[in-house]
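Structural description and commentary
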Amino acid sequence: MRASQFFIATLKEAPSDAEVVSHKLMMRAGMIKRLSAGVYTYMPMGLRVINKVAAIVREEMNRAGAIELSMPVVQPADLWQETGRFEKMGPEMLRIKDRHDRDFVLQPTSEEVVTDIARQDFKSYKQLPKNLYQIQTKFRDERRPRFGLMRGREFVMKDAYSFDRDPAAAQASYQTMAKAYRAAFDRFGLRYRAVAADSGAIGGDLSEEFQVIAATGEDAIIYCPTSDYAANIEKAEALAPQGTRPAASQPLAKVPTPGKSVCADVAQLLQVPLATTVKSLVLATDEVDEHGAIVKSQVWLLMLRGDHDMNEVKVGKLPGFEKGFRFATEAEVVEHFGTKPGYLGPLNLKQPVRIVADREVAIMADWICGANEADFHITGVNWGRDLPEPELVADLRNVVEGDSSPDGKGVLAIERGIEIGHIFYLGTKYSKAMNATFLDEGGKPQFFEMGCYGIGITRLPAAAIEQNHDDKGIIWPAAIAPFEVVIVPMGYAKSADVKAATDKLYAELQAAGVDVILDDRDERPGSMFADWELIGVPHRLVVGERGLKEGKIEYKARTDAEASLLDAGAVVAHVQGLLGR
RNA sequence: CGGGGCGUAGCGCAGCCCGGUAGCGCGCCUGCUUUGGGAGCAGGAUGUCGCAGGUUCGAAUCCUGCCGCCCCGACCA
């Protein structure tokens, strides 16, 4: 490719609406162009990257035995009504009507359509297992699209769906995908981690996320440096604390804590460790009738140590919380506690609430909590003596750095990640809803055991940039760079020697199968260098009269501080070596 | 959806309070000079000032409504 015939649209300044580094750099490098909130044109330079990501994913999916197809972006509503998701998906699913006023949706995912295919075409157990995938445009009308390709409304996803005859076979299909994902992610050239994830209603451990490590990631990843344990913070279990509750040693005392409503302030004021305080979170669960109207509400008090945070996923699994929960309203808080939030505690309640204690809190003695009176806390609180034992003791909190690893092989560390892939075992959720069956050996219909597997194709380049950039621009891993090598001639139009050497090198690299771009724009050197560093091409060759006199061509990796000189005749072999060919 | 902010040239911004010829930098075009780290000089092109209505002799500027976009919180590839 010659730069003069390509589309290079770099900017010195990033548009002001770009906030994160990947968004800014993709805009500046001319890789994407915003059309509407969360909707982007993939410009030629950006599309090359996306296509390389897709090609790697496609190869690894094919290698793993998955079969590519392409399902419609516009899908009829009736299929979505079969699974109830036409209602359940809510406003995140974009709905449209055709000229006959019939409902359609823009696919946010494709379980319904693929299950419809399976029930029509996979009639016998002999046809199983099957894994169907597509690399397709998705649309999700996010509440808040942001960060460019990181959270777009329109994006490209590889979505695969496996169909098996029984759970054991489905788990084998899942493991095949787990392996294929590792193979693909290894090829991207990014630092990533496969972490255990919350698997929702299905249960079990068959859900993993593939997280690209980046300080700006939206997810917290828990891992154990001395073992292979890794999990999303939503999922990571806080082990039951060792030891038993010490005996009470302090009397109950009400202490003034004016203006100190958060645990950290109270601990500081009273000169005690934060871990001796207990925070009270007031939640509510609602019983609703068939019209969705609230019939009855239950108020709960969740108690966590002052230095711990509530884990909403764990709380959502508590008995009584499965159907959803919310923070209590201020009116509910006042009704039950007699005061507004800030100084709440389990003592001197106005109305009974149901108390759930975190496992850490349950073994504490002589702790501090709010007095249910503004500007006062109570110290020396003890279970059993001052209040009844909690109704329920459970793991309610996020793990923190230094906690023991659930596998018992060390202590946990935390880093941040960007979720690029997610695989999980679905069971018969969709096959049952859509009555999708095949005939087993006995001629009896059985529901398909399903799994689904996603990779955010257009999110991946953004994650790659978040992880790999410097003050000059993007640093692509070679596998997904828009071009592997750029040739930058000095005075291409002026010097016959430079032009001849450059054209020869360009032809040789092309013949060697290298994805090379020749910058024949004849710009000034500084702006060419700046452009390619911004765009992030991993290898740069500079051809100039200066070097040619010595028979040399200059090489610089994007990550090198200084350029080095190569013998002109050895350049192609050198580049092939760098690219591992 | 709740809270905050912004819409003026392709991009970054000033002008708005206090109404009176629409500006600056980058980019773009032409010419000359330059040519190993975002060149210099000279000349030039580009605007429904987000949209609609109102006030006024006169609106980018004041008023009303609408639209779009971004940021912060609950979700997800």
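In the block above lies the structure referred to throughout.
Definitions and cut-offs
- Residues numbered from 1 in each chain as written.
- Chains lettered and ligands numbered in written order.
- Predicted model: local features only at pLDDT ≥ 70, side-chain atom pairs only at ≥ 80, totals over all residues.
- Heavy atoms only, no water.
- Near = heavy atom within 4 Å.
- Polar contact = N/O pair within 3.5 Å; in protein donor to acceptor, adjacent residues only side chain to side chain.
- Helix = DSSP H or I, 4+ residues; strand = E, 2+ residues; numbered from the N terminus.
- Pairing = 2+ DSSP bridges.
- Axes fitted to C-alpha atoms, helices over the stretch in contact; angles between N-to-C directions.
- Salt bridge = Lys/Arg side-chain N within 4 Å of Asp/Glu carboxyl O.
- Phe/Tyr/Trp six-rings, centres within 6.5 Å; stacked < 30°, edge-to-face > 60°.
- Buried < 20%, exposed > 50% of the residue type's maximum accessible area, 1.4 Å probe, protein only.
- Lys NZ or Arg CZ within 6 Å of the ring centre and 35° of its normal.
- Contact = heavy atoms within 4.5 Å.
- Core = buried A, V, L, I, M, F, W, Y, C linked by side-chain atoms within 4.5 Å.
- Domains from an automatic or database assignment.

Taken together, 45 residues lie near RNA strand B, and Ser 16, Arg 143, Lys 494, Glu 533 and Glu 554 sit nearest. Per the 4 Å cut-off to the protein, sugar and phosphate atoms form 48% of the nearby atoms of RNA strand B. Taking Lys 12, its side chain carries an N or O atom lying 2.9 Å from a sugar or linking oxygen of RNA strand B. Between a sugar or linking oxygen of RNA strand B and a side-chain N or O atom of Arg 546, the distance comes to 3.1 Å. Secondary-structure elements contributing two or more residues to the surface near RNA strand B are strand 1 (32–36), strand 8 (154–164), strand 21 (413–427), helix 14 (525–535) and strand 29 (539–543).

Taken in spatial order, the 3 strands line up as 13-19-18 in an open sheet, and their pairing is antiparallel. Two strands lie at the open edges of the sheet, namely strand 13 (253–256) and strand 18 (367–370), each paired on one side alone. When the angles between neighbouring strand axes are averaged without regard to direction, this sheet yields 30 degrees. Sheet analysis places strand 18 next to strand 19 (residues 376–381), joined by 3 bridges and oriented antiparallel. Its bridge partner being in strand 19, Trp 367 is matched across the sheet by Val 381.

Attention now moves to the pattern of salt bridges. Counted according to the given criterion, the structure contains 47 salt bridges. A salt bridge links Asp 520 to Arg 2, with the nearest nitrogen and oxygen atoms 3.5 Å apart. Taken together, the residues span a long stretch of sequence, with Asp 520 in the loop between strand 28 (516–518) and helix 14 and Arg 2 in the segment before helix 1 (21–28) at a distance of 518 residues. Residues Arg 326 and Asp 286 are paired through a salt bridge, measuring 2.8 Å at the closest nitrogen-oxygen approach.

Once that is clear, we can look at the packing of aromatic side chains. By convention here, two paired aromatic rings are described through the distance between centres and the angle between planes. Under the definition given, this model contains 14 aromatic pairs. Taking the centre distance of 6.3 Å and the plane angle of 25 degrees together, the rings of Tyr 181 and Phe 185 count as stacked. In this pair, Tyr 181 and Phe 185 both sit in helix 6 (residues 167–188), 4 residues apart, roughly one turn of the helix. You can call Phe 185 buried: its relative accessible area is 1%. Residues Phe 321 and Phe 325 carry aromatic rings whose centres are separated by 5.7 Å and whose planes lie at 65 degrees to one another, so their mutual orientation is edge-to-face. The class of Phe 325 is partly exposed, set by a relative accessible area of 23%. Feature note: the residues Tyr 181, Phe 185, Phe 188, Tyr 192 and Phe 210 constitute an aromatic cluster, connected by ring pairs. Sitting above the plane of the Phe 86 ring, Arg 95 keeps its charged end 4.6 Å from the centroid.

The next subject is the sheet that holds strand 16 (residues 326–327). Strand order in this open sheet of 5 strands is 16-14-15-17-20, and the pairing throughout is mixed. Edge positions in the open sheet fall to strand 16 and strand 20 (392–394), since each of these has one partner strand only. Across 2 bridges, the pairing between strand 14 (residues 278–288) and strand 16 is antiparallel. From the neighbouring strand, Leu 283 faces strand 16, where its bridge partner is Phe 327. Each of strand 14, strand 15 (294–305) and strand 16 touches helix 9 (residues 330–337); the most contacted strand, strand 15, lies at about 70 degrees to it.

So, on to helix 1. Listing the buried residues of helix 1 in full gives Ser 22, His 23, Leu 25, Met 26 and Met 27. Where helix 1 is buried, its residues meet strand 1, strand 2 (39–42), helix 12 (459–467), strand 25 (469–470), strand 26 (473–474) and helix 14. Trailing helix 1 by a residue or two, Gly 30 shows a phi angle of about 70 degrees, which is positive.

Let's shift gears to the pairing of strand 27 (residues 485–489). For strand 27, a buried count of 5 out of 5 residues is recorded, marking the element as mostly surrounded by other parts of the structure. Both faces of strand 27 are covered, namely the face carrying Val 485, Ile 487 and Pro 489 and the face carrying Val 486 and Val 488. Examined bridge by bridge, strand 27 and strand 28 share 3 bridges and lie parallel to one another. Residue pairing across strands places Val 486 opposite Ile 517, the latter belonging to strand 28. Summarising the sheet, strand 27 and strand 29 pair through 5 bridges and their orientation is parallel. Looking at the pairing, Val 488 lines up with Val 542 of strand 29.

Turning our attention to the nonpolar core. Ranked by size, the top nonpolar core spans 66 residues in total, and within it Met 31, Tyr 181, Phe 188, Ile 457, Trp 476, Ile 480 and Trp 532 carry the most contacts. Lining this core are residues from two domains, each supplying at least three of them: domain 1 (3–237 + 414–465) and domain 3 (483–578). In contact with Met 31, other than residues within four places in its own chain, are Met 26, Thr 41, Tyr 42, Met 43, Met 45, Gly 46, Val 49, Ile 474, Trp 476, Pro 482 and Ile 535.

Within the secondary structure layout, Arg 153 lies in the loop between strand 7 (130–139) and strand 8. The exposure class of Arg 153 is buried, given its relative accessible area of 17%. Excluding residues that lie within four positions of it along the chain, Arg 153 makes contacts with Ser 36, Ala 37, Gly 38, Val 39, Lys 138, Phe 139, Arg 140, Asp 141, Glu 142 and Pro 145.

Along the chain, Pro 477 falls in the loop between strand 26 and strand 27. Overall, Pro 477 belongs to the buried group, its relative accessible area being 12%. Taking C-alpha positions, Pro 477 is 30 Å from Arg 546, a pair spaced 69 residues apart along the chain. Contacts of Pro 477, omitting those with residues within four sequence positions, involve Phe 188, Gly 189 and Leu 190.

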